[in-house]
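# Examining the three-dimensional arrangement
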Amino acid sequence: MKCDLKNLYQKEDERGRASWTDKYPEDLDEAAENEVTARYAILVRNKKSFDSRKKLEIDSIVVQSPLLKQVLTKVLKDYPGVTPNLNRLIFQAPFNPFVHRWTQLTTALEEEEEGETKQHVQLLYTVLEAELKDTIAAKADYIKNKVITFEHLWTIFQPGTTLYSEEWGRHCGSKFNNGSYYEHPKYGPCYGVNTQKVDWDGDKFGYASNQHIILAFGGTRSIASLDAFPLSFHPEQKKIRAQLLKRGKLFEHYHGYHYQAYKAFAIGKDMCGNDIKVTVDSRVIIDTFAYGKFNPNSLKHLSPLKIKSKAIIEDTTNDSDSDSDYEYPDSETDTDTPTPTTLANTNPIDIKRTPLTDEQLIQCSSLLKGYTLKTKRWLSFFVDSILPIKFNTQAFSSLVLPPSQKELILAFASSQVLHSAKFDDVISGKGRGIIMLLSGGPGIGKTLTAESVAENMQVPLYMMSAGDLGIKSSEVEASLTTILEMVAKWNAVLLLDECDVFLEARSAHDLERNKIVSIFLRTLEYYEGILFLTTNRVKNMDPAFQSRIHISMEYPGLDKDSRMQVWKNFLERGIEHEISEGEVEGLAEVEINGRQIKNVLKTGQLLACHQGVKLRFEHLKTVLDVEKHSGVEMAS
């Protein structure tokens, strides 16, 4: 085989079909760009214009001057899609970068000292001014009158600028990335505004992509009436910036794991995956990491932030994208910002993060992911509606139990949270949790014990019910594993009320129930948190479960002294009454449980409110007399 090359040339027949030949084409023109054109600072490529005002229009400009490229490096700094250091730097019409940075180009020309560099900048300026004068003049006129046409929308959207929009009735800031005109399949001609918001994915801050659509309109329209527009055009720019900055600091403050209260609407998903409003009045867990773990396909991908130090930002001659840390100004601390309750031992990695800049704080999302404990749903919560929890510090002290028993329960629970990892089984990760069984009749404080322990320790209380787990063994296992993992991660107190529903003794005839019991027996071995079990049918529980219980407490029925204390506790909780100590003692003679006492008081108070007087003994006696027909005996 011959070690050489052979050139073939494409040719077309009369029908436009291509084939290859070794005959050199005869109708070729000389190359337009050659050694001669390479000596020029700028090449201007012109094409035929279909505008009635001119014969030719510029198609593109090729910048070849190294001196001019140095100036453009400063003028077009951080402009997306432009790299002035390239050997072959080409700008296509309609020259968006120069329209957006026209002021900077004019300033660079004025500040440049006399010499070859200024001559090259003047040359580019002259070419662009002739081509862009109509567009730049129209832009200036529109901005002066605070209006814009659909055709010139692109002129006010400069990449990197902060945009303003409204979402769910709240002010929102975002960073403009790029925009384009296109034909929407549903709405027709429109301008797509692609933006980025600073968001948190449970591990890092980053930019989440978003899009706004501006539909085509005739004539001019107020800039401030657009669905999204630069924040600088807002009539109350300073006020909005201050509000967004404050909320951004709150967003940055709440990243991670926080146990808070919430009373507003949140954003959830319907069956089709569309965003819907959900009314929430509950304590919540703010935890984006757990949200992503238990809803793995629901978090947006975040592109990295480019956080530069102040020295690099001020040094215009240095193009480095270094991420070095810098001292954040003292204004970061906001005395009006509530201090969140941070859960211990929940952050898997403690990383020192570079604080967000003020502009990034303004561009922060208004939503954080989390979990509502009352309705047991994963939702997105508005940052400015998150509230600190008002813990009931008297809950545990109002629990009517022997002091030694109360101290034992609280000591076990508190120590478990702090020292759960210090004990391990032969098999790693097994037996680290603590399980307490509280048994006894109804209305004597079993459930209240778990609730008051969680309140005293200021940790979440997760109340697990049959509805959370399902009825099939496969559903129970999946749900139980997820719940136990969530609760242990949050150092929460887990309460399984009326546990005999799931832990009843196995039989030879009910295979499905046997499966559920065995799932509980196996799964709870590896639970690493605090579990309270309550039942009034302890004898029906499976014997194999007894060995898995660390503390088993039987609650006796309330005696007269206990009932009297319960009556006093309820009467002291803000109820306006005219009941004497002796009358309380008389009420304590009635053999009813704590829940019945609460119900009698509530019914009696409703009766007093109806009569427009304070609660009296007669009201409670009336209620108890009625209840007597239900088996409640009135003391003589």
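Relevant structure appears above.
Here is a short report on the structure shown in this document. (Residues numbered from 1 in each chain as written. Predicted model: local features only at pLDDT ≥ 70, side-chain atom pairs only at ≥ 80, totals over all residues. Heavy atoms only, no water.)

Turning to the overall build of the chain, a few remarks are in order. Scanning the chain for helices and strands turns up 20 helices and 24 strands. Taken across its 636 residues, the chain has 43% of its residues classed as buried. Residue pairs in contact within the chain that sit at least 24 positions apart in sequence constitute 66% of those at least 6 positions apart. If you sum the accessible surface of the chain, you get close to 35,400 Å²; carbon and sulfur atoms cover 50% of it. (Helix = DSSP H or I, 4+ residues; strand = E, 2+ residues; numbered from the N terminus. Buried < 20%, exposed > 50% of the residue type's maximum accessible area, 1.4 Å probe, protein only. Contact = heavy atoms within 4.5 Å. Areas by Shrake-Rupley, 256 points an atom, 1.4 Å probe, with all protein chains shown as cover.)

Take the packing of aromatic side chains next. Scanning the entire structure with this criterion turns up 21 aromatic pairs. Taking 5.6 Å as the distance between ring centres and 40° as the angle between the ring planes, the aromatic pair formed by Tyr371 and Trp490 counts as tilted. In this pair, Tyr371 is assigned in strand β17 (residues 367–372) and Trp490 in the loop between α13 (473–489) and β22 (493–496), connecting sequence segments 119 residues apart. Of the two residues examined, Tyr371 and Trp490, each falls in the buried class. Linked through ring pairs, Phe150, Phe157, Phe176, Tyr181, Tyr191 and Phe217 together constitute an aromatic cluster. Taking NZ or CZ as reference, Arg221 lies 5.6 Å from the ring centre of Phe217, over its face. When the ring centre of Phe265 is taken as reference, the NZ or CZ atom of Lys277 above it lies at 4.5 Å. (Phe/Tyr/Trp six-rings, centres within 6.5 Å; stacked < 30°, edge-to-face > 60°. Lys NZ or Arg CZ within 6 Å of the ring centre and 35° of its normal.)

Two orientations exist for strands paired in a sheet by backbone hydrogen bonds: parallel and antiparallel. Here three strands make up an open sheet; going across it, the order is β3-β4-β5 and the pairing antiparallel. The open sheet is flanked by β3 (42–48) and β5 (89–92), the only strands paired with a single partner. With direction set aside, neighbouring strand axes in the sheet form an average angle of 25°. (Pairing = 2+ DSSP bridges. Axes fitted to C-alpha atoms, helices over the stretch in contact; angles between N-to-C directions.)

Our next topic: the environment of Thr162. Within the secondary structure, Thr162 sits in strand β7 (residues 162–167). For the pair Thr162 and Ser232, spaced 70 residues apart in sequence, the C-alpha separation works out to 8.1 Å. Filtering out sequence-adjacent residues up to four positions away, Thr162 remains in contact with Ser174, Pro230, Leu231, Glu359, Ile362 and Gln363. Separated by 3.0 Å, the side chains of Thr162 and Gln363 make a polar contact. (Polar contact = N/O pair within 3.5 Å; in protein donor to acceptor, adjacent residues only side chain to side chain.)

A volume near 1,100 Å³ is recorded for the second largest pocket. For the second largest pocket, the lining is made up of 41 residues, of which Thr447, Leu448, Glu451, Phe570 and Lys598 are closest to its centre. Taken together, the elements giving at least two residues each to the lining of the second largest pocket come down to β14 (275–287), α11 (446–457), β21 (461–464), α17 (560–571) and α19 (594–611). (1 Å grid on protein atoms, 1.4 Å probe; cavity = no way out; pocket = protein on both sides within 12 Å on 5 of 7 lines; lining within 4 Å. Points joined across faces, edges and corners; volume = space filled by probe spheres on them.)

Taken in spatial order, the five strands line up as β21-β22-β23-β20-β24 in an open sheet, and their pairing is parallel. Taken across any chain shown, the strands that pair with only one partner, and hence form the sheet edges, are β21 and β24 (551–555). Here the average twist between neighbouring strands, direction ignored, is 20°. Here β22 pairs with strand β23 (residues 530–535) via four bridges, running parallel. Its bridge partner lying in β23, Leu496 is registered against Leu533.

Counted according to the given criterion, the structure contains 16 salt bridges. The partner of Asp13 in a salt bridge is Arg17, and the shortest N-O contact between them spans 3.0 Å. Residue Asp13 is classed as partly exposed on the basis of its relative accessible area of 29%. Residue Arg17 is classed as partly exposed on the basis of its relative accessible area of 48%. A salt bridge links Lys47 to Asp59, with the nearest nitrogen and oxygen atoms 3.7 Å apart. Placement of Lys47 in strand β3 and of Asp59 in strand β4 (residues 56–63) is noted, with a sequence separation of 12 residues between them. Residue classification places Lys47 among the partly exposed residues on the basis of a relative accessible area of 38%. Bridged by salt links that share partners, the residues Lys560, Glu585 and Glu589 form one connected network. (Salt bridge = Lys/Arg side-chain N within 4 Å of Asp/Glu carboxyl O.)

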